[in-house]
Amino acid sequence: MKLPDYISGFFEDTGNMARFVARYFRELFRPRYEVRQFVRQCYLIGVLSFPLIAVTGFIMGLVLTMQLRPSLIAYGVESQLPVMVGLSIVREIGPVITALIFAGKISSGIGAELGSMKVTEQIDAMEVSGTNPFKYLVVTRVLATTLMLPVLTVLSDAVSLYGSYLGVNIKGHTSLTLYFFQVFQSLGFGDVLPALIKTFFFGFAIGLIGCYMGYNSKKGTEGVGRSANAAVVVSSLFIFIIDLLAVQITDLLGLN
Amino acid sequence: MAANKRNITLGFFVSAGVLLLVVALYLIGRNRNMFGSTFHLRARFQNVSGLMSGNNIRYSGIQAGTVKEIRMIDDTTIEVDMLIDESMRQFIKTNSMASIGNEGLMGNKVVNITPASVPGEEIEEGALLVSKIVPGTDEMMGTLSNTNENVEELSIRLVNTVNRINNSKALWRILDDTTLSDGLRTSMLNLQAATTNLNIMSAEFAALVHDVRLGEGALGAVISNDTVASDLKEAVANIKLVSEESIKVLLRVDSMVAETKSDLQNGDGIANKILNDTALVTKVNSSLESIERGTSSFEQSMEALKHNVLLRGYFRRNAKKQNGKQKR
């Protein structure tokens, strides 16, 4: 019995991706290590993404505060605004929004870059020249996204909380010390650590999917665009799937 | 050079992220009393009302520590193990009391340690605090429910009473009657006057009593003067003597009446003679007849005088005067 193309295509992609992941881990621990390239990718992926992440984080904190204020006033718990916003940002909004922005910027970039390298046969040329293209292109990028996204998330949370502090002060008045004291009073390790840990998985998924889509790009320049697009869509979807799994696991562990 | 600058930027970027994370974890850890020296305290409750490990402990409202562990001792007793900041040890005394409260109306549960009103000794590591049962929301709602039922019953009764008052014709007739108020006012004025008189009487009576005490006046003399008392005693003795004599006289009169009665029955004595003498009766009868005849002739003479020429005018004037008086 012949399966429909879209089903067989899905399983084929899943199988290829599993092999790709396996190859990634194999190449990751096998010398020689492309440290210089890894650092360069960290800079390109992490540092250069920070302005975009910071701006979106700041706006997110500010808007969330201003949107939540009327509801909290209606319930007479306006004083709990820092607690509410702090918990929302640290537990969910900070990691997910940062990951989505990161996916939009990085995953598509990696997909397009590797895709164009693939269709212009630069990857084949690297293999011919004796350089391991997987280690040089994929491992460094995936490792960089995996490690940079948590750092970006922490910085984004800080900027968001500052934006929220400004949001609180637009219609009320509270000191920065009191605001952060209230936020950290309500936070526990169970709020910070699971949120931080899941960003490693977000980063890994974003880098891996971007690289997979680019590395397996086909059909010339059209395939490059498709790879870039698919990289963003699939990595964004994966962010939510991982988030769903993460919340289930933290719930099972009693951390919610 | 460019790569070096890039590395420095990356290093700064990563350091900033890691530093922020470390600071955040430190702040959270400090709130959970993970750093700095602490000591343990215990308290036992029958109901912890949803208290959880990690909830705050307040001493007189100040953050003093966190709940470390909650464990069941037996089916009715729950022991709460508390991790208290060492700096609070000097303030918490052995007679301090622990109770479970809320952070705000809808906030987390919190253990409140309150100092006793009398001084106590400094608390030791692992000491068991006396627990105080604070009425929870459920108990308050239960009491409030009873109060509501009572208020409902009262309001129903009040409505019935008001209806009865509204429907009472007699009451409204009394209230609408203006003369009643005037009468009531007059009564009150009379009562006021009576009270005034009573006051005056009371004052006079007080003066009288005062005079009596001083021996002034007749009553005072009677009460305070010994000679009057002896005279009174003598007078009473005399009255007694007189009454005794009177009894003797009455007895004698009684015996006389009895004697007279026996004389009348036996035909003896003066009375009997008067009553039984027929000649005397005849004489009396003839005398009475003579008087009657005399009176009749006098009337005839008077009638003759009225018709006499000389005296007729006098009698007419008298008759006119009599008629005038009658008409008036």
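Look a little higher up for the structure.
Everything numeric here is computed off the predicted structure, so don't read it as measured data. (Residues numbered from 1 in each chain as written. Chains lettered and ligands numbered in written order. Predicted model: local features only at pLDDT ≥ 70, side-chain atom pairs only at ≥ 80, totals over all residues. Heavy atoms only, no water.)

(A) Region of interest: the overall build of chain A. Counting its secondary structure elements, chain A contains nine helices and zero strands. Taken from N to C terminus, the helices and strands of chain A fall in the order α-α-α-α-α-α-α-α-α. Look at the contacts in chain A between residues 6 or more apart in sequence, and 83% of them connect residues 24 or more apart. Roughly 12700 Å² of accessible area belongs to chain A as shown, and the carbon and sulfur atoms make up 67% of that amount. (Helix = DSSP H or I, 4+ residues; strand = E, 2+ residues; numbered from the N terminus. Contact = heavy atoms within 4.5 Å. Areas by Shrake-Rupley, 256 points an atom, 1.4 Å probe, with all protein chains shown as cover.)

(B) Looking closely at a positive patch on the surface. Residue and element names in this part refer to chain B. Positive charge collects at one region of the surface, where Arg317, Lys321, Lys325 and Arg328 lie side by side. Mapped onto the fold, Arg317 is located in helix H9 (residues 309–327). The class for Arg317 is exposed, based on a relative accessible area of 53%. (Patch = residues over 30% accessible without salt bridge, like charges linked within 9 Å, V, L, I, M, F, W, Y side chains within 5 Å. Salt bridge = Lys/Arg side-chain N within 4 Å of Asp/Glu carboxyl O. Lys, Arg positive; Asp, Glu negative; His and termini not counted. Charge placed at Lys NZ, Arg CZ, Asp CG, Glu CD. Buried < 20%, exposed > 50% of the residue type's maximum accessible area, 1.4 Å probe, protein only.)

(C) Broad picture of the side chain of Ser164 of chain A. Mapped onto the secondary structure, Ser164 of chain A falls in helix H6 (residues 133–171). Among all residues touching Ser164 of chain A, those that are not within four sequence positions of it are Gly61, Leu62, Thr65, Val85, Ile89 and Tyr179 of chain A.

(D) Up close: the pattern of salt bridges. Taken as a whole and judged by the stated rule, the model has 16 salt bridges over all chains. The residue Arg141 of chain A makes a salt bridge to Glu113 of chain A at a minimum N-O spacing of 2.8 Å. Linking Arg141 of chain A in helix H6 with Glu113 of chain A in helix H4 (residues 81–119), this pair joins segments that are 28 residues apart in sequence. Between Glu153 of chain B and Arg157 of chain B there is a salt bridge whose closest N-O contact spans 3.0 Å. One end of the pair is Glu153 of chain B and the other is Arg157 of chain B, both in helix H2 (residues 137–167) and four residues apart, which spans about a single turn. The exposure class assigned to Arg157 of chain B is exposed, which follows from its relative accessible area of 52%.

(E) Spatial organisation of the interface of chain B and chain A. At the interface, 21 residues of chain B touch 22 residues of chain A. Contact with chain A buries area across many residues of chain B, yet Arg6, Phe13 and Ile28 of chain B alone supply 31% of it, more than any other trio. Here chain B is connected to chain A by zero salt bridges. In this assembly, chain B and chain A are joined by zero residue pairs in polar contact (both at pLDDT 80 or more). In terms of residue count, helix H1 (residues 2–31) of chain B provides more of the side of chain B that touches chain A than any other element does, 16 residues in total. Per-class residue counts for the side of chain B that touches chain A are 12 nonpolar, seven polar and two charged. (Buried area = accessible area lost by both parts, 1.4 Å probe. Polar contact = N/O pair within 3.5 Å; in protein donor to acceptor, adjacent residues only side chain to side chain. Nonpolar A, V, L, I, M, F, W, Y, C, P; charged D, E, K, R; others polar.)

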